[in-house]
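Fold and geometry: a report
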Amino acid sequence: MSKVDVVIGCFYGDEGKGKVIDYLSADADIAVRATGGDNAGHTIKVDGVKYAMHLVPSGLLSGHTIGVIGNGVVLNPAVLLEEIANLKSHGYDVETYLKISEKAQVILPYHRLLDAALEKARTYKIGTTGRGIGPAYCDKYERCGLRMEDLYDPDFKEKLQALVESRKALIAFYDPENTSVEADLDFDTVYQNYSSYAEQLKPYICDTVTLIHRALEQDQKIVVEGAQATLLDIDFGSYPYVTSSNPTIGGILSGSGISAGDIGDVYGVIKAYSSRVGKGPYVTELTDETGDRIRELGHEYGTTTGRPRRCGWLDLVTLKYAKRVNGLTALSVNHLDTVGKLDTIRVCVAYEVNGERTEDFTTNLRFLNNAKPVYKDFEGNFGDISGCTTFEELPKKAQEYIRFIEKYIGIPVKFIGTGAEREAMIIR
Ligand code: GDP
Ligand code: IMO
Ligand code: MG
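Residues numbered from 1 in each chain as written. Chains lettered and ligands numbered in written order. Predicted model: local features only at pLDDT ≥ 70, side-chain atom pairs only at ≥ 80, totals over all residues. Heavy atoms only, no water.

1. Topic: helix H2 (residues 77-89)
Residue pairs three or four apart in sequence face the same way in an α-helix, which turns once every 3.6 residues. Which entries qualify depends on this criterion: Every helix listed is a DSSP run of H or I at least four residues long, and every strand listed is a run of E at least two residues long, numbered separately from the N terminus. A helix is expected to reach a length of 1.5 Å times the quantity of its residues less one. Think of it in three bands: residues with accessible area under 20% of the maximum for their type are buried, residues over 50% are exposed, and the middle band is partly exposed, with areas taken using a 1.4 Å probe on protein chains only. Polar contacts, as counted here, are pairs of nitrogen or oxygen atoms within 3.5 Å of one another; within protein the pair requires one atom able to donate a hydrogen and one able to accept it, and residues that are adjacent in sequence qualify only if both atoms are side-chain atoms.
Across its 13 residues, H2 extends 18 Å between first and last C-alpha, which sits within 8% of the 18 Å expected from 1.5 Å per residue. Buried residues of H2: Pro 77, Val 79, Leu 80, Leu 81, Glu 83, Ile 84 and Leu 87, and no others. One side-chain oxygen of the residue at the start of H2 lies 3.0 Å from the amide nitrogen of Ala 78, identifying that residue as Asn 76. Immediately downstream of H2, the backbone of Gly 91 shows phi near 90 degrees, a positive value.

Set out below in structure tokens:
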């Protein structure tokens, strides 16, 4: 039986997971998305065309890899259909290569409205993507959410109506100023739209657990594409400034039906600096002009919401935590080209909290808000590294930077990103 390789974000998302999964999918039979929804945005540049993948697994871009949307995903059919149409317009045979779990949860129009209303009512804003992710997972765990298979049930209309009607009052409760709820959730329109989505998506729906296990038994290669990241995890992230799913290794298993024993390599993806979009603690954040410079050099604007990302230095204390929680076996360091344009590169090697030095991370907000980063400095100005195809071709100071990360974390850096293009990656 073959083993499943997993790609996981180590910080606050947008580490370049899409690019790594795209590389791994070149010789994969199946690429799986297991968690989250269209809050994810994975950018991949293929032959000059930029794809922003929100729900369709990035691996499908290989042209020969089946993309599976697993049971752990919360799926907005309207967004998915748009993404399918875009891929088809670029020549992708989506009908053959996309599979959707019958157990994936359906995002309904009220989820987005409720997301906005809850955010408005919060004293401490989370800065959600506004895609209805939190409310959709609430319905799942409250056990009233609709799964994809429910769209084809004889009692679908009744279930939908009960949900939509009951949520109107909830939205009005959290956001009494919203006077368009009745119109936005006009039941006939919602029902017609979702009946149409159901019809269009029917060919893709199947039992993805059996599909995955049959493939493993036939020794096929499977990769799982993590969405979001370790510090956005509902259990292991900086709660409450997190998303509503488990993007860490446990969520990969429960969101796909893959067992722990099936897991092979677990690749942790980081940037050679760091970024965060949305609110919450961020120990190595730079609020000065260096932060602005990194944002411009790295084009750090959200793939999903277009928001400017907060930027800062690489934090190895956090990375060690991500390694522990996920059982990382190797790393991918993206944007070495970006950080190499700076004169000095700083890396956080410890925190000082209330006068005490520590290298152990915890997500306690008081701890994080009091933590001061202890930095080690590296020489930057790597020059143009975009043409480097081997580690040895990199300037010595760039090699030194990568080796330091490896030594600190204790696992190899297997992939190094030298640019946004598909080919701009050193494989070791
Ligand atoms: P994901 O959500 O983890 O897949 O990451 P995003 O796609 O949201 O953000 C990563 C951004 O960095 C995208 O714009 C990528 O095109 C870009 N990118 C990824 N790797 C590299 C790299 O090594 N160098 C540069 N310059 N850009 C990169
Ligand atoms: P990818 O897969 C970066 C953040 C939001 C917000 C918090 C909660 O592209 O790395 P949500 O809408 O999930 O309820 O928002 O999580 N967030 C992300 N930040 N990349 C992502 O995905 C994210 N998905 C959610 O900005 O702070
Ligand atoms: Mg992203």
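2. Here's the deal with the site of ligand 1
As a reminder of what qualifies: Put simply, a residue is near a molecule or strand once any heavy atom of it comes within 4 Å of that molecule or strand. For every accessible area listed, the method is Shrake-Rupley and the probe measures 1.4 Å; residues are considered covered only by the protein chains on display. Ten residues, namely Ala, Val, Leu, Ile, Met, Phe, Trp, Tyr, Cys and Pro, are considered nonpolar, four, namely Asp, Glu, Lys and Arg, are considered charged, and the remaining ones, Gly among them, are considered polar.
Around ligand 1 sit 19 residues in total, of which Lys 17, Gly 41, Thr 43, His 335 and Asp 337 are the nearest. Side-chain polar atom of Arg 309 to an oxygen atom of ligand 1: 3.2 Å apart, as the coordinates give it. His 335 is positioned such that a nitrogen or oxygen atom in its side chain is 2.8 Å from an oxygen atom of ligand 1. If ligand 1 stood free it would expose 590 Å²; the protein chains cover 93% of that surface. Of all the secondary-structure elements, those providing two or more residues to the shell around ligand 1 are helix H1 (17-24), strand S3 (42-46) and helix H13 (336-339). Tallying contributions element by element places H1 first for the shell around ligand 1, with 3 residues. For the shell around ligand 1, the per-class residue count stands at 1 nonpolar, 12 polar and 6 charged.

3. Observations concerning the pattern of salt bridges
The cut-off we apply is this: Basic side-chain nitrogens of Lys or Arg form a salt bridge, by our definition, when they fall within 4 Å of a carboxyl oxygen of Asp or Glu.
Applying the stated criterion across every chain yields a total of 27 salt bridges. Across the salt bridge formed by Glu 359 and Lys 320, the nearest N and O atoms sit 3.8 Å from each other. Of this pair, Glu 359 sits in the loop between strand S17 (356-358) and helix H14 (365-370) while Lys 320 is found in helix H12 (residues 316-326), placing the two residues 39 residues apart along the sequence. In this structure Glu 359 comes out as partly exposed when scored by relative accessible area, which is 33%. You can call Lys 320 buried: its relative accessible area is 15%. Residue Lys 397 is joined to Glu 379 by a salt bridge in which the shortest nitrogen-to-oxygen separation is 3.2 Å. Remark: Glu 379 occurs in strand S18 (residues 372-379) and Lys 397 occurs in helix H15 (residues 396-409); sequence separation between them is 18 residues.

4. Side note on the nonpolar core
Here is a general trend for soluble globular proteins: nonpolar side chains tend to be buried in one another's company. To keep it simple, the criterion reads: As used in this record, nonpolar core signifies buried Ala, Val, Leu, Ile, Met, Phe, Trp, Tyr and Cys residues forming a set joined through side-chain atoms within 4.5 Å. Should any heavy atoms of two residues lie within 4.5 Å, those residues are counted as being in contact.
The biggest cluster of nonpolar side chains holds 71 residues, and the ones touching the most others in it are Leu 336, Tyr 351 and Tyr 401. Beyond its immediate chain neighbours, meaning those up to four positions away, Leu 336 contacts Ala 272, Phe 382, Ile 385, Leu 394, Ala 398, Tyr 401, Ile 402, Ile 416 and Gly 417. Of all hydrophobic cores here, the second largest spans 44 residues; its members include Val 46, Leu 61, Leu 87 and Ala 117.

5. A short note on the site of ligand 2
As a structural note, the neighbourhood of ligand 2 is formed by 20 residues, with Lys 17, Asn 39, His 42, Thr 129 and Thr 243 the closest of them. At 3.5 Å, a backbone N or O of Gly 127 approaches an oxygen atom of ligand 2. Between ligand 2 and Arg 307, the relevant distance is 3.0 Å, taken from an oxygen atom to a side-chain nitrogen or oxygen of the residue. Here ligand 2 has 550 Å² of accessible area as a free molecule, and 98% of this is covered by the chains. Class assignment of the residues belonging to the shell around ligand 2 gives a composition of 7 nonpolar, 10 polar and 3 charged.

6. A word on the packing of aromatic side chains
Applicable threshold: Two rings belonging to Phe, Tyr or Trp (six-membered ring only in the last case) form a pair when the distance between their centres is within 6.5 Å. Interplanar angles under 30 degrees mark stacking, angles over 60 mark edge-to-face geometry, and anything in between is tilted. For a lysine, the NZ atom is tested; for an arginine, the CZ atom; a charge sits over a ring if that atom is within 6 Å of the ring centre and within 35 degrees of the ring normal.
The tally for this structure, following the rule as stated, stands at 14 aromatic pairs. Aromatic side chains Phe 378 and Tyr 401 sit 5.4 Å apart centroid to centroid with 80 degrees between the ring planes, which places their arrangement in the edge-to-face category. Separated by 23 residues along the polypeptide, Phe 378 in strand S18 and Tyr 401 in helix H15 bring together distant segments of the chain. Members of the aromatic cluster, joined through ring pairs, are Tyr 321, Tyr 351, Phe 361 and Phe 367. Of note, Lys 376 hangs over the ring of Phe 378, and the distance from its end group to the ring centre comes to 5.2 Å. Positioned above the aromatic ring of Phe 391, the side-chain terminus of Arg 428 is 3.9 Å from the ring centre.

7. So, helix H11 (residues 289-297)
Definition in use: Starting at the helix axis, one direction is taken to each C-beta atom, and the arc is that of these directions.
For H11, the complete set of buried residues consists of Gly 291, Ile 294 and Arg 295. The arc enclosing the buried residues of H11, seen along the axis, measures out at 100 degrees, which places them on a common side. Residues of H11 that are buried sit in contact with strand S13 (310-312) and H13. Measuring from the side-chain oxygen of the N-cap residue of H11 to the backbone nitrogen of Thr 290 gives 3.2 Å; that N-cap residue is Asp 288. Positive phi appears at His 299, one or two residues downstream of H11, with a value of about 50 degrees.

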